[in-house]
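# Notes for the structure review
Okay, here's what each chain looks like letter by letter:
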Amino acid sequence: MVSIQIVLALSNIMALTDVIPSDRPLRVAVLTGAGISAESGVNTFRGQDGLWNGHRIEDVATPEGWIIDSEKVWAFYQERRRQLKDVEPNSGHLALSELEKRMEAGCFTLITQNVDDLHERGGTENLIHMHGELRLVRCEVCEHKFEAMDSKHLENDEFISCPECGHAKVRPEIVWFGEMPFKMTELQRAVIDCDLFLVIGTSGNVYPAAGLLGQALSSGSYCVGFNLEPPLNVDLFHEFHQGLAGELLPLFVQELIDIMM
Ligand code: BJW
């Protein structure tokens, strides 16, 4: 049983109240990582049962690994793509989509490092997948990108060919180490412009995602973290809430909605 501990709770309600602008709607940006999907049954990366267990990162999450042994890499992602139908959004995902519904249009951006589809299935609309999406694949030759989630795509580990140019092998639409994350300009704009930055379920190991907290802080945003264990950059938060995202987020979002009303 994991207890919920709120560190720096003293600043909680008062500071949040101060964050609401008096002359315009509140702007919120959120960064999520593997921890928010853990309670849905999706493994995290660096935990005890982490996804890398049994796999060297260089083998399955680098462009070099793909060149050396694309069968192995494809099988690794096919297994995770098949797992998507067995998992459901949890109360953490739902709390964030509830928050988005209560905000003015254009004032909420959710940036996720996760490649699962649980935020969109939980109802979030303004969503950026900075590390890609398991549902999508991309042709190595013509760059054609498409969703490949039919049973014919998932029933075995055979490569999928490109419907546009006929090339025999598409790759997962995933950002591997050494590759540029997607939509960097758009997501950095949302972080720099926000009043409130929420960071949930990420260990702070991987850049540039981990650096967004420092950028939000430097541009004057109020920064709140939620994680099972203190992440590497825990010292930068104004408030850090330790515990399960699925328990902490519904409470925090309700508190924020009450303040906004
Ligand atoms: C719970 C919970 C619950 C559990 N409730 N919490 C030095 C400085 C800067 C950069 C570099 C550097 N050295 C190397 C780099 C570059 C490299 C990098 O960061 N390497 C580090 C390992 C050092 N980065 C890159 O290569 C990136 N590209 C890049 O830098 O391009 C150049 C560039 C330059 C300048 C600007 C912009 C770009 C690309 C990174 C791609 C990351 N890809 C992966 C794999 C995707 C494939 C796949 O999914 O298979 O993305 S790595 C993996 O880590 C995955 C994740 O999205 C990412 C982050 O992991 P996350 O989400 O933090 O998971 P965990 O497991 O680490 O943490 C989970 C947390 O949840 C834990 O803390 C738990 O306690 C907690 N938790 N249950 C709340 N219920």
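Throughout what follows, the structure given in this document is the object of discussion. (Residues numbered from 1 in each chain as written. Predicted model: local features only at pLDDT ≥ 70, side-chain atom pairs only at ≥ 80, totals over all residues. Heavy atoms only, no water.)

Time to look at the pairing of strand β7 (residues 170-174). Remember that side chains alternate between the two faces of the sheet whenever the strand is regular. For β7, the buried fraction is high: five of the five residues fall into the buried class. In terms of strand pairing, strand β5 (residues 132-139) meets β7 through four bridges, oriented antiparallel. Residue C139 lies in a different strand from β7, and its bridge partner there is V170. (Buried < 20%, exposed > 50% of the residue type's maximum accessible area, 1.4 Å probe, protein only. Helix = DSSP H or I, 4+ residues; strand = E, 2+ residues; numbered from the N terminus. Pairing = 2+ DSSP bridges.)

Let us now look at the site of the ligand. Close to the ligand lie 35 residues, the nearest being R46, R80, G178, T202 and S203. At a separation of 2.7 Å, an oxygen atom of the ligand approaches a polar backbone atom of F45. Protein chains shield 76% of the accessible area of the ligand, which is 1,500 Å² for the free molecule. Among the detected pockets, the ligand sits in the largest pocket. The set of elements that each furnish at least two residues to the shell around the ligand consists of α2 (35-38) and α5 (70-83). A breakdown of the residues in the shell around the ligand according to their chemical character gives 18 nonpolar, twelve polar and five charged. (Near = heavy atom within 4 Å. Polar contact = N/O pair within 3.5 Å; in protein donor to acceptor, adjacent residues only side chain to side chain. Areas by Shrake-Rupley, 256 points an atom, 1.4 Å probe, with all protein chains shown as cover. 1 Å grid on protein atoms, 1.4 Å probe; cavity = no way out; pocket = protein on both sides within 12 Å on 5 of 7 lines; lining within 4 Å. Sits in = over half its atoms within 2 Å of the grid points. Nonpolar A, V, L, I, M, F, W, Y, C, P; charged D, E, K, R; others polar.)

This part is about the pattern of salt bridges. In this structure the tally under the stated criterion is 17 salt bridges. Here R56 ties to E58 by a salt bridge, and the two come within 3.4 Å at their closest N and O atoms. A relative accessible area of 51% means that R56 is categorised as exposed. Across the pair D59 and K72 runs a salt bridge whose closest N-O atoms are separated by 3.5 Å. Of this pair, D59 sits in helix α3 (residues 57-60) while K72 sits in helix α5, placing them 13 residues apart in sequence. For K72, a relative accessible area of 35% puts it in the partly exposed group. One network of salt bridges, with partners in common, ties together E88, D117, R121, R135 and E147. (Salt bridge = Lys/Arg side-chain N within 4 Å of Asp/Glu carboxyl O.)

Just distances and angles here, no functional claims.
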